[in-house]
Amino acid sequence: MSLSKCIDQYTILTGDRSKIKDIMVNRLIECGWRDEVRLVCRDVLLQRGSSKSIPIEQLIPEVTARARTLVPDAVKKELLMKIRSILSQENAEDKADGDGDGDGESDD
């Protein structure tokens, strides 16, 4: 399993994933990213022509790459720091536990 998937799984199990997601959504709204993505969607639709309707399944892949590049570095750094903080807390708890399983109990 990749490191990214392990971190994702861990944050789901601990309930931190929803906290991280909430932070991300709020920061993206605050910085205007959502509005920029709306404009990207509008541009794609206009380029295709207003007479054609485009299924969302076709629009998403076309917009996703451009939307990712619009995420500000400050937001990326803040989320990375939050994830690192969560993982370092878990690491500290495992060391305090002594047996590495994170249950807070010694397995003697």
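These remarks concern the structure in this document. Source: prediction; values computed, not measured. Residue positions are counted from 1 within each chain, in the order its sequence is given. A pLDDT threshold of at least 70 governs which residues receive local features in this predicted model, and a stricter bar of 80 or more applies before side-chain atom pairs are shown or counted, although totals over entire chains, interfaces and linings include all residues. Hydrogens and water molecules were not included; the side-chain quantities draw on all heavy atoms of the structure.

**A look at the packing of helix α3 (residues 33-48) against helix α4 (residues 56-69)**
Here's step 1: Axis definition: a line fit to C-alpha positions, over the contact stretch in the case of helices; interaxial angles, taken between N-to-C directions, run 0 to 180 degrees. Strands here are runs of E lasting at least two residues and helices are runs of H or I lasting at least four, both read from the DSSP assignment and numbered beginning at the N terminus. At their nearest, the axes of α3 and α4 sit 10 Å apart, and the two run at 130° to each other. Our classification of the angle between α3 and α4 gives oblique. Considering only the axes of α3 and α4, their crossing is right-handed. Across the interface between the two elements, Trp33, Val37, Val40, Cys41, Asp43, Val44, Leu45 and Arg48 from α3 touch Gln58, Leu59, Glu62, Val63, Arg66 and Ala67 from α4.
Here's step 2: Gly is placed with the polar residues, together with every amino acid not listed as nonpolar (Ala, Val, Leu, Ile, Met, Phe, Trp, Tyr, Cys and Pro) or charged (Asp, Glu, Lys and Arg). For the contact of α3 with α4, the per-class residue count stands at nine nonpolar, one polar and four charged. Should an angle fall under 35 degrees it is taken as roughly parallel, and over 145 as roughly antiparallel, whereas 65 to 115 is taken as roughly perpendicular and any remaining angle as oblique. Crossings are sorted by hand: turned counterclockwise from the far helix by less than a right angle, the near helix makes the crossing left-handed, and turned clockwise it makes it right-handed. Every residue pair with non-hydrogen atoms within 4.5 Å of one another is taken to be in contact.

**Considerations on the nonpolar core**
Side chains that are nonpolar tend, in soluble globular proteins, to be buried together.
Here's step 1: With 15 residues, the main nonpolar core has Trp33 and Val63 as its most contacted residues.
Here's step 2: Here the element with the most residues in this core is α3; it accounts for four residues.
Here's step 3: Here Trp33 is in contact with Leu28, Ala67, Leu70 and Val71, once residues within four sequence places are set aside. To form a nonpolar core, buried Ala, Val, Leu, Ile, Met, Phe, Trp, Tyr and Cys residues must be joined to one another through side-chain atoms within 4.5 Å. Categorising residues by exposure relies on relative accessible area from a 1.4 Å probe, with only protein chains included: less than 20% of the type maximum marks a residue as buried, more than 50% marks it as exposed, and the intermediate range marks it as partly exposed.

**Re a nonpolar patch on the surface**
Here's step 1: Note on patches: the residues involved have over 30% relative accessible area and no salt bridge, like charges join within 9 Å, and the nonpolar side chains Val, Leu, Ile, Met, Phe, Trp and Tyr join within 5 Å. Residue-level accessible areas treat just the shown protein chains as cover; the underlying method is Shrake-Rupley with a 1.4 Å probe. One side-chain nitrogen of Lys or Arg within 4 Å of one carboxyl oxygen of Asp or Glu is enough to make a salt bridge. Side chains of Met24, Val25 and Ile29 sit close together on the surface and give an oily, nonpolar patch of about 210 Å² of accessible area.
Here's step 2: Of note, Met24 is situated in helix α2 (residues 16-30).
Here's step 3: The class for Met24 is partly exposed, based on a relative accessible area of 32%.

**Brief notes about the packing of helix α1 (residues 3-14) against α2**
Here's step 1: Interhelical geometry of α1 versus α2 gives an angle of 105° and a closest axis separation of 5 Å. Taken together, the axes of α1 and α2 lie roughly perpendicular to each other. Here Asp8, Thr11, Ile12 and Thr14 of α1 lie close against α2, whose contacting residues are Asp16, Arg17 and Ile20.
Here's step 2: Its residues assigned to classes, the contact of α1 with α2 comprises two nonpolar, two polar and three charged.

**Here we look at the pattern of salt bridges**
Here's step 1: Tallied over the full model, the rule gives six salt bridges.
Here's step 2: With a shortest N-O distance of 3.5 Å, Asp16 and Lys19 are connected by a salt bridge. Of this pair, Asp16 and Lys19 both sit in helix α2, three residues apart, which is roughly one turn of the helix.
Here's step 3: The class for Asp16 is buried, based on a relative accessible area of 13%.
Here's step 4: Its relative accessible area of 47% is what places Lys19 among the partly exposed residues.
Here's step 5: Each of Arg27, Glu30 and Glu78 takes part in one network of salt bridges that share partners.

This is a description of form; function is not addressed.
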